[in-house]
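Structure assessment
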Amino acid sequence: MAQAPAELSAPFWDLIVVGGGNAALCAAIEAAEAGARVLVLEGAPKPYRGGNSRHTRNFRCMHQGPISVLTGAYGEEEYFHDLMLVTKGKTDEHLARMAIRTSESCLPWMEKHGVRFQPSLSGTLSLSRTNAFFLGGGKALVNAYYNTATDLGITVAYEAKVSHILIEDDTFRALRVTFGGKELEISGKAVVLASGGFQADLEWLARAWGPAARNFLIRGTPYNRGEVLKNMLDNGALSVGDPTQCHAVAIDGRAPKYDGGIATRLDCVPFSVVVNKHGQRFYNEGEDVWPKRYAIWGRLVAAQPDQVAYALIDAKSADLFMPSVFPAVKADSISELAQKMELPVEAVERTVAEFNRACRPGNFHPTELDSLATEGLEPAKTNWARPLDTAPYYGYSLRPGVTFTYLGLKVDDTARVSGANGRYTNVWAAGEMMAGSILGQGYLAGFGMTIGTVFGRTAGREAAAHVN
Amino acid sequence: MSIDALATLSNRTAVDFDTDATIDEARRQLEICNACRYCEGYCSVFPAMTLHRAFSDGEITQLANLCHNCRGCYYACQYTAPHEFDHNLPRALAEVRVESWERFIWPRGVATLFQKSGVALAGALAAGIVVILVMAYALRPESGEGFYAVISHTVMATLFTLTSFLPLAIISVGVWRYWRHVGGDRVTLKHLSDALVDAGRLKNLSGGAAEGCNYEKEDRYTMARRWAHQAVMWGFVLCFAATVSGTVLHYGFGIEAPYGPLTLPKIFGIPGGILMTIGGIGLIGLKLRAEKSLGAPAVWGGEMAFVLLLTATAATGLALYGATGTAGVRPLLIAHLGAVFALYLTLPYTKMVHVPFRFAALVRDAQTRKA
């Protein structure tokens, strides 16, 4: 699919889709099936196509009864309740309920377009009722959609960087694109913007977050740099979400700067003593089970000096969490562990000794809140508090890993983008670029894919109806 | 010679192998897979992987022999090059697999010759034909009908009993050493029947969604390799049944070859030969289209020569039957017996050993599978 630059700018496209992840492809497929002549501009080279979708794993889906690989029922109210729990009310209820309701019809649509699901086999995630897992993960989903797009005659251009969206009188006219070493102007009857957030632009993050953000690791694609989002905001498009907010989790400190994906997660915190670079504890490691709390640990670690923390465990806990991608630092004593991790030895020894003294006998239950708490310790550890006393000892470093940003374009329930004078005539947005409308805070596993699929399909359908 | 004595003839130990770069590379990749686990639905390798946190050499060897090189996990992987994790699990496991055969089969080094060099295997085929040719002339029988007018039955039977017994003994010892290395338990009928069902259906080439492989069309699925492989496998089983039934007819009932179309050797042999020939041609075509770097590139030539030899064996057998009563019988019989001879003698040192090793791996997998 290595089109020559001239071949991209010569035809007049019905629909140009900016971006090449899940939402973009859903939009392109819907529009092509409605008969539109579609161009997809993916900023990444082919091996990295798909944006953050290549790192996703599952799709949260409402259903009245068992459907495909999903068991039981998961109704609108329960789904919405789960969303309210994580967003603490920062959501647009109308759009959220629309996404939830539409998710049910999306699952068969996904299967029809080549996406395959698998039952949750390993039992590590008890989500077989609420979430459908992609066979092979998000990259397999992306592959299926690109194959479908090819079969539908959709033109895909890789390494096509959009720098400007030309809008006149609230109507989209053309895009300025760098492709194949040339600056092109490509015109079309409608545009769907689905090129993600700005989390890979560390300077933008640093402006919003402070200089500490330069030490953040980016879990997803290095190509989500927010150029299109920024250009639309400069154009006067209305935004939603808080530019200072990003979703950051605590991940293995040795993870790649970009694109570490799922494998860099560390689930050891509930069983650990977590210290900062001065060897001091700073938060209750046993507040809740890890999947629920680990999102807050990104912010906690970001607030520590040099944006780094260290999780220390002993042999008793070494097998209680998912295997890690990098091996733990291993030592026969706490002092040796501190030394190997380049931490102040005396401070770490004192912190661990104080922690151990504060531990009380009781029943330890790794899979539930067991109330095995410390006594007289500040900050307390309120669950799974067992002394670190059994060699060998293990240590992992932690850093904030950014998953996505919340700032996005304001859309209505047809995925149409609004400018200062109201809705644009022919500009739609889908995916992370508008997800902040619904997910103003927190995160709900699989909901990003729900938003991308629902609004991608809606945008594609609406755009095709507009041009036909 | 006892099995133990034969085993010690190949004296490389597990400790030697610990330093082996291929095992270490597979271990590095499996540890990343184990932290990710997105591929758990593809084949038996991934559920088996999740039983471990750290991988011994034996566990890596077992996972490598369980892998059917369908390549689904490669195309689904978020960590393939240019990502710095540089994942290519199908290749890492293919290389461990090939090396494990070389390591367990006595004598070491012979496998390197035939697995890596298609020329060596072609040489073996040529040598086989020459041997048969020489025998056909030097030991020409005084009397005899049909095939036995070319080579006497006694010579043929003696030759092939010898050339099949030795390779089978060598392979048995190799598989037994494999079994010890991967920590295999006592085998029950349930383990065997599970493994037979998996092998018979080629379940691990179903891609997890019964859509087959990503072998020859990049990230698109096709059933071509599963069907072609099924044809060769079941064709081989039928041809084997034909040989056994022929032996029984000869010794048990005194009925000599060539056999008529409605006898067991032909009822098994003709469809078997057709299946093997078509399947073999299919596998050759697929192998030409598939990306070499997702297998073990060093043995590509040897593997291709092996499939060609297997296909040639089946095709000449069919042609021989077709030529019944014509002047073609003599040259075709010599070519066919030469191919069979080369196939048998090189059995422990070619891709053919994947059959017993893979079966052993499936039995071991049945033992460890979660209830």
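In short, a report on the structure. Just so we're clear, the structure is a prediction, and the values are computed from it rather than from any experiment. (Residues numbered from 1 in each chain as written. Chains lettered and ligands numbered in written order. Predicted model: local features only at pLDDT ≥ 70, side-chain atom pairs only at ≥ 80, totals over all residues. Heavy atoms only, no water.)

1. Details of the overall build of chain B
What chain B contains, in helices and strands, is 16 helices and zero strands. For 371 residues, the compact-globule formula gives about 21 Å, and the C-alpha radius of gyration of chain B, at 22 Å, lands near that figure. Looking at chain B residue by residue over its 371 residues, the buried ones come to 54%. When the accessible surface of chain B is split by element, carbon and sulfur atoms take 67% of a total near 16,000 Å². (Helix = DSSP H or I, 4+ residues; strand = E, 2+ residues; numbered from the N terminus. Rg over C-alpha atoms; globule rule 2.2 N^0.38 Å. Buried < 20%, exposed > 50% of the residue type's maximum accessible area, 1.4 Å probe, protein only. Areas by Shrake-Rupley, 256 points an atom, 1.4 Å probe, with all protein chains shown as cover.)

2. What about the interface of chain A and chain B?
Listed per partner, the contact involves 39 residues of chain A and 31 residues of chain B. Roughly 2,900 Å² is buried in total at the junction of chain A and chain B, and carbon and sulfur atoms are behind 49% of that figure. Linking chain A with chain B are five salt bridges. Note that Arg116(A) and Glu211(B) form a salt bridge whose closest N and O atoms lie 3.0 Å from each other. On inspection of chain A and its partner chain B, the count reaches 25 residue pairs in polar contact (both at pLDDT 80 or more). A per-element tally of the side of chain A that touches chain B places helix H5 (residues 138-151) of chain A first, with seven residues. When grouped by side-chain class, the residues that make up the side of chain A that touches chain B number 15 nonpolar, 14 polar and ten charged. (Contact = heavy atoms within 4.5 Å. Buried area = accessible area lost by both parts, 1.4 Å probe. Salt bridge = Lys/Arg side-chain N within 4 Å of Asp/Glu carboxyl O. Polar contact = N/O pair within 3.5 Å; in protein donor to acceptor, adjacent residues only side chain to side chain. Nonpolar A, V, L, I, M, F, W, Y, C, P; charged D, E, K, R; others polar.)

3. Description of empty space enclosed by the protein
All names here are of chain B. Applying the stated criterion across every chain yields a total of four cavities of 30 Å³ or more. One number sums up the size of the largest cavity: a volume of about 150 Å³. Looking at the largest cavity, it is lined by 19 residues, and the ones nearest its centre are Cys-33, Cys-39, Cys-73, Cys-77 and His-87. Mapped by element, the contributors of at least two residues to the lining of the largest cavity are helix H3 (21-36), helix H6 (72-76) and helix H7 (89-104). Looking at the lining of the largest cavity, its residues break down into 13 nonpolar, five polar and one charged. Looking at the second largest cavity, its volume works out to about 100 Å³. Along its surface, the second largest cavity is lined by 14 residues, and Cys-43, Phe-46, Cys-67, Cys-70 and Cys-73 are the ones closest to its centre. (1 Å grid on protein atoms, 1.4 Å probe; cavity = no way out; pocket = protein on both sides within 12 Å on 5 of 7 lines; lining within 4 Å. Points joined across faces, edges and corners; volume = space filled by probe spheres on them.)

4. Digging into the packing of aromatic side chains
Taken as a whole, this structure holds 24 aromatic pairs over all chains when the rule is applied. A centroid spacing of 5.9 Å and a plane angle of 85° characterise the contact between Phe160(B) and Tyr344(B), whose relative ring orientation is edge-to-face. Separated by 184 residues along the polypeptide, Phe160(B) in helix H10 (residues 153-181) and Tyr344(B) in helix H15 (residues 329-345) bring together distant segments of the chain. Take Phe160(B): its relative accessible area is 13%, and that puts it in the buried class. Chaining the aromatic ring pairs together yields one cluster made of Trp101(B), Phe104(B), Tyr178(B) and Phe357(B). Over the aromatic face of Phe364(A) sits the side chain of Arg386(A), whose NZ or CZ is 3.5 Å from the ring centroid. (Phe/Tyr/Trp six-rings, centres within 6.5 Å; stacked < 30°, edge-to-face > 60°. Lys NZ or Arg CZ within 6 Å of the ring centre and 35° of its normal.)

5. Some remarks on the sheet that holds strand S5 (residues 131-134) of chain A
The strand order across the open sheet built from three strands is S3-S5-S4 (chain A), with neighbouring strands paired in antiparallel fashion. Of all strands in the sheet, those with a lone pairing partner are strand S3 (58-60) and strand S4 (117-118) of chain A, marking the two edges. (Pairing = 2+ DSSP bridges.)

6. Things to note about the packing of helix H3 (residues 76-87) of chain A against helix H4 (residues 93-112) of chain A
Residue and element names in this part refer to chain A. Running from amino to carboxyl end, H3 crosses H4 at an angle of 130°, the nearest separation of the two axes being 10 Å. The angle between H3 and H4 falls in the class oblique. Two packed elements cross with a definite hand, and for H3 against H4 that hand is right-handed. On the side of H3, the interface is formed by Glu-76, Glu-77, Tyr-79, Phe-80 and Leu-83, while H4 contributes Glu-93, Ala-96, Arg-97, Ile-100, Arg-101 and Ser-103. (Axes fitted to C-alpha atoms, helices over the stretch in contact; angles between N-to-C directions. Parallel < 35°, antiparallel > 145°, perpendicular 65-115°, else oblique. Left-handed = near helix turned anticlockwise from the far one by under 90°.)

7. Thoughts on helix H7 (residues 227-234) of chain A
All names here are of chain A. Looking only at H7, the buried set comprises Val-228, Leu-229, Asn-231 and Met-232. The arc that holds the buried residues of H7, viewed along the axis, is 165°, so those residues lie on one side. Positive backbone phi, at 100°, marks Gly-236, one or two positions downstream of H7. (Arc of directions from axis to C-beta.)

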